[in-house]
Amino acid sequence: MRYDLVIFDNDGVLVDSEPLSNRLLADYLTELGFPTTIEDSYRDFMGAAAHTVHDVIADRYAGAKLPATFDEDFHARVFASFRERLTPVAGAPELLKWVRERGIRYCVASSAHHEWIRTAHAVTGLSPFFSDDVLFSAQDVGRGKPEPDLFLHAAERMGVAPERCVVFEDSPLGVAAARAAGMDVYGYAALTPRQRLGAATGLIEDLRQVPALLALARGAGNCATSHPDR
């Protein structure tokens, strides 16, 4: 199978943000009177759109509502932590350079807001790999992962049929969304237990595995048109 588009999740696949953001989320919810461990946060919120936090709290605590400024305040905490501690996932810059040099088309499809994605890329030095037209967020669609809308939106905007796309994801919600979109998806089992990514087409544990996988799938000399700015 040739792939004409590689779609990367961002958090946990390109930037090592999941431990930071999930710790901060668990601590903030606990402060607000909703006891949450980091394990709870990974299980319930990893890979999900921002509204999921509100939905889960309302469901578990008899319609309880988070403060009106919750998203804004949480993002401020996350961005402050990003500026001090965020790093790219091991191998991500090298992988993006490899993909770009071979003219393989790629984009990001993330549950995070655009500001979150851009901040993470700026801090980790990944911004030069991404122009605005290849960054897609759950903000852009009505329903986030595990619904297929975000991945289908990214494929449509990039002009590629879903079945010609391959996704790299680290969350069960993201794997489910890619499968629902009719795309092959490889689960990145660095943080997430392999069994939770069992619905994926295949599993990887190191981004250095990706070039060989793509080369095998695409075949020599079958790269798509190059986009020098990406």
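Structural notes, computed from the coordinates.

### Describing empty space enclosed by the protein
Here the idea is plain: a probe the size of a water molecule rolls over the atoms and shows the empty space left. All chains considered together, the criterion is met by 2 cavities of 30 Å³ or more. The computed volume of the largest cavity comes to approximately 350 Å³. Taken together, 24 residues form the lining of the largest cavity, with Phe45, Ala48, Phe74, Ala112 and Trp116 sitting closest to its centre. Counting only elements with at least two residues in the lining of the largest cavity, the list comes to helix H1 (18–31) and helix H4 (70–85).

### Observations concerning the packing of H1 against helix H2 (residues 38–45)
Interhelical geometry of H1 versus H2 gives an angle of 110 degrees and a closest axis separation of 8 Å. One finds that H1 runs roughly perpendicular with respect to H2. Between H1 and H2, the contacting residues are Glu18, Pro19, Asn22, Arg23, Leu25, Ala26 and Leu29 on the first element and Ile38, Ser41, Tyr42 and Phe45 on the second. Looking at the contact of H1 with H2 residue by residue, the classes come out as 7 nonpolar, 2 polar and 2 charged.

### Looking at the pattern of salt bridges
A side chain of one charge can pair with a side chain of the opposite charge if their charged atoms are brought near each other. Counted according to the given criterion, the structure contains 16 salt bridges. Among the salt bridges present, the one from Asp27 reaches Arg23, with a minimum N-O distance of 3.4 Å. Taken as a pair, Asp27 and Arg23 lie in helix H1 at a separation of 4 residues, close to a single helical turn. With relative accessibility at 35%, the residue Asp27 sits in the partly exposed group. Take Arg23: its relative accessible area is 37%, and that puts it in the partly exposed class. Asp40 is the salt-bridge partner of Arg43, the closest N and O atoms lying 3.3 Å from each other. Here Arg43 pairs with Asp40, and both are found in helix H2, just 3 residues apart, close to one helical turn. Connected through shared salt-bridge partners, Asp40, Arg43, Asp44 and Arg60 make up one network.

Rules behind the numbers
- Residues numbered from 1 in each chain as written.
- Predicted model: local features only at pLDDT ≥ 70, side-chain atom pairs only at ≥ 80, totals over all residues.
- Heavy atoms only, no water.
- 1 Å grid on protein atoms, 1.4 Å probe; cavity = no way out; pocket = protein on both sides within 12 Å on 5 of 7 lines; lining within 4 Å.
- Points joined across faces, edges and corners; volume = space filled by probe spheres on them.
- Helix = DSSP H or I, 4+ residues; strand = E, 2+ residues; numbered from the N terminus.
- Axes fitted to C-alpha atoms, helices over the stretch in contact; angles between N-to-C directions.
- Parallel < 35°, antiparallel > 145°, perpendicular 65-115°, else oblique.
- Contact = heavy atoms within 4.5 Å.
- Nonpolar A, V, L, I, M, F, W, Y, C, P; charged D, E, K, R; others polar.
- Salt bridge = Lys/Arg side-chain N within 4 Å of Asp/Glu carboxyl O.
- Buried < 20%, exposed > 50% of the residue type's maximum accessible area, 1.4 Å probe, protein only.

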